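Read off the chains here:
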Amino acid sequence: MRASGLPAPLSADEIVKMKAVCKLAARTLEHISSYVKPGISLNEIDQIIYDFTLTHGATPAPLGYHGYPKSVCTSLNDVVCHGVPDKSILKEGDIINIDVTPFKDGFFGDTSAMFLVGQVDETLKHLVQIAEMARDKGIESIAPGATTGDIGFEINKFVTRNGYTTVKEIGGHGVGRMFHEEPFVPSFGKKGRGDKLLPWRCITVEPMVNMGSDEIIEYDIPRSTIKWYRTADGKPSAQFEHTILVTDSGYDILTLPD
Ligand code: MF3
Ligand code: CO
Ligand code: CO
């Protein structure tokens, strides 16, 4: 860690490794998509992701991270994030966020997406669509000299204009040599505020979008310091996440499949 608290830039060689693990992360979501159907359990999803990750020469970073017990986060309906896989079985009409982070050759690739289970209500589909577009609005604000506040501002503006709310307590982060490092990347903010985005570092953009109130409730995970969260009003929440390389001219989204 440097005196500033911000990580050092990635070398060309490190960027190659970062790109590889991020590509694997994207492929992991692609792989799990065909299994997300009514009848599958969250534990089965966890096992499939564990196997896929190891088969590709990586390890699932969530497993054992601050005592987290599983290889993936599965956040169903009103679960905002860090949902722990259990015996719950997906049913028609559910929406679920699956968040994967393989670790390979010293680097972390972090990505998540929403999946629709069978036929889903139009209102829920709209929430999911807005969450994905909000992430992309945030990403599009990344430019030389931009700040984390610029990202948050664009996300929050888009989400509130569509009648939803953004979660304030949790957000994106620096990622690369560490799973979570500086800077914090909020889903709300003011233009020009926050940390300046520095070239050749990676961040995640991962807004959590609530259909109702932005208030969330924190829950303990046994034997872990990681918390999981649910909306206070029980209404659904949606989230998408990419890992982005900040460059000297803009950005490169690393967690896209080919
Ligand atoms: N992947 C999550 C994120 O986007 C972090 C999960 S930490 C865990 O930052 F321990 F819950 F896995
Ligand atoms: Co993340
Ligand atoms: Co993640």
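Residues numbered from 1 in each chain as written. Chains lettered and ligands numbered in written order. Predicted model: local features only at pLDDT ≥ 70, side-chain atom pairs only at ≥ 80, totals over all residues. Heavy atoms only, no water.

Side note on the coordination of the cobalt ion (ligand 2)
Going by this rule: For Na, K and Ca the donor cutoff is 3.2 Å, while for all other metals N, O and S atoms must lie within 2.8 Å; water is not among the atoms, so some sites may look incomplete. A four-donor site is called tetrahedral if each angle lies between 85 and 135 degrees; a four-donor site is square planar, and a six-donor site octahedral, when trans pairs exceed 155 degrees and the remaining angles lie between 65 and 115; all other cases are labelled irregular. Between buried and exposed lies partly exposed: a residue is buried under 20% and exposed over 50% of the maximum accessible area for its type, with that area taken using a 1.4 Å probe on protein chains only.
Here the cobalt ion (ligand 2) is held by the protein donor atoms Asp110 (OD), His173 (NE2), Glu206 (OE) and Glu241 (OE), which lie 2.0 to 2.2 Å from it. Every donor counted, the 6 donor atoms about the cobalt ion (ligand 2) form angles of 51 to 162 degrees at the centre, which fits irregular coordination. Considered as a linear motif, the donors of the cobalt ion (ligand 2) on their single chain read D-x62-H-x32-E-x34-E. Exposure remark for Glu206: the relative accessible area of 8% places this residue in the buried category.

Here we look at the site of ligand 1
Heads up, the condition is: Think of it this way: one heavy atom of a residue within 4 Å of a molecule or strand is enough to make that residue near it. Under this definition, polar contacts are N or O atom pairs within 3.5 Å; protein pairs additionally need one hydrogen-donor-capable and one acceptor-capable atom, and for neighbouring residues in sequence, both atoms have to be side-chain atoms. Here the Shrake-Rupley method, with its probe set to 1.4 Å, supplies the accessible areas, and only the displayed protein chains count as covering residues. Amino acids outside the nonpolar list (Ala, Val, Leu, Ile, Met, Phe, Trp, Tyr, Cys, Pro) and the charged list (Asp, Glu, Lys, Arg) are all regarded as polar, and Gly is one of them.
What surrounds ligand 1 is a group of 14 residues, the closest being Asp99, His173, His180, Glu206 and Glu241. At 3.1 Å from an oxygen atom of ligand 1 is found a side-chain nitrogen or oxygen belonging to His173. Between an oxygen atom of ligand 1 and a side-chain N or O atom of Glu206, the distance comes to 2.9 Å. Relative to its free-state accessible area of 340 Å², ligand 1 is covered by the protein chains to the extent of 98%. When grouped by side-chain class, the residues that make up the shell around ligand 1 number 6 nonpolar, 4 polar and 4 charged.

Description of the coordination of the cobalt ion (ligand 3)
This is how it is decided: Elements are defined by DSSP. Helices are runs of H or I of four residues or more, strands are runs of E of two residues or more, and each kind is numbered from the N terminus.
Protein coordination at the cobalt ion (ligand 3) comes from Asp99 (OD), Asp99 (OD), Asp110 (OD) and Glu241 (OE), with a distance range of 2.1 to 2.4 Å. Viewed at the metal, the 6 donor atoms of the cobalt ion (ligand 3) are separated by angles of 58 to 168 degrees, and the geometry they form is irregular. Each donor residue of the cobalt ion (ligand 3) belongs to the same chain, and together they define the spacing D-x10-D-x130-E. In this structure the cobalt ion (ligand 2) is found 3.3 Å away from the cobalt ion (ligand 3), and Asp110 serves as a bridging donor for the pair. Taken together, the positions of Asp99 in strand E4 (residues 95-100) and Asp110 in the loop between strand E6 (107-108) and strand E7 (111-116) put the pair 11 residues apart, joining distant regions of the chain. Judged by its relative accessible area of 2%, Asp110 is buried.

Observations regarding the packing of helix H1 (residues 12-33) against helix H2 (residues 42-55)
Here is the rule we go by: To get an axis, fit a line to the C-alpha atoms, keeping to the stretch in contact for a helix; angles then go from 0 to 180 degrees between the N-to-C directions. For this classification, under 35 degrees means roughly parallel, over 145 means roughly antiparallel, 65 to 115 means roughly perpendicular, and everything else is oblique. By definition, turning the near helix anticlockwise from the far helix through less than a right angle yields a left-handed crossing, and turning it clockwise yields a right-handed one. Here, residues are in contact when the closest pair of their heavy atoms is within 4.5 Å.
It is at 10 Å that the axes of H1 and H2 come closest, and there the two elements cross at 140 degrees. When the axes of H1 and H2 are compared, the pair comes out oblique. As for the relative orientation of H1 and H2, their crossing is right-handed in sense. On H2, the residues that touch Leu24, Arg27, Thr28, His31 and Ile32 of H1 are Ile45, Ile48, Ile49 and Phe52. Partitioning the contact of H1 with H2 into residue classes produces 6 nonpolar, 2 polar and 1 charged.

A closer look at the nonpolar core
Across soluble globular proteins, nonpolar side chains have a tendency to be buried as a group. Our working definition: Among the buried residues, those of types Ala, Val, Leu, Ile, Met, Phe, Trp, Tyr and Cys that are joined through side-chain atoms within 4.5 Å form a nonpolar core.
Judged by nonpolar contacts, the single largest core of 44 residues is most densely connected at Leu90, Ile96, Ile98 and Ile203. Broken down by secondary-structure element, the contributors of at least two residues to this core are H1, H2, E4, E7, helix H3 (122-140), helix H4 (148-161), strand E11 (202-205) and strand E16 (242-246). For this core, the element with the highest residue contribution is H3, accounting for 7 residues. With residues up to four places along the chain from it excluded, the contact list for Ile203 reads Ile142, Ile151, His173, Gly174, Val175, Pro183, Val185, Leu197, His242, Thr243, Ile244 and Val246. Counting 13 residues, the second largest nonpolar core, distinct from the first, contains Leu10, Ile15, Phe179 and Leu254.

Quick notes on the state of the cysteines
In protein chemistry, a disulfide is the covalent bond that joins the sulfur atoms of two cysteines. Using the following cut-off: Put simply, a disulfide is two cysteine sulfurs that come within 2.5 Å.
Taken as a whole, this structure holds 0 disulfides when the rule is applied. Looking at Cys22, it has no disulfide partner, and the nearest cysteine sulfur is the one in Cys202, 6.0 Å off. Here Cys81 is not cross-linked by a disulfide; its sulfur's nearest cysteine counterpart is in Cys73, at 7.4 Å.

Structural notes on H2
Think of an α-helix as turning once every 3.6 residues; residues three or four places apart then point the same way. Rule in force here: The span one expects for a helix is its residue count, reduced by one, times 1.5 Å. The arc in question is traced by the directions running from the helix axis to the C-beta atoms.
In this model, H2 (14 residues) spans 20 Å end to end at C-alpha, consistent with the 20 Å of a helix rising 1.5 Å per residue. Listed as buried for H2 are Leu42, Ile45, Asp46, Ile48, Ile49, Phe52 and Thr53. One side of H2 carries all its buried residues, which in axial view fall inside an arc of 165 degrees. Two residues or fewer after H2 comes Gly57, characterised by a positive phi angle close to 75 degrees.

Take it as geometry only, folks, not as evidence of what the structure does.
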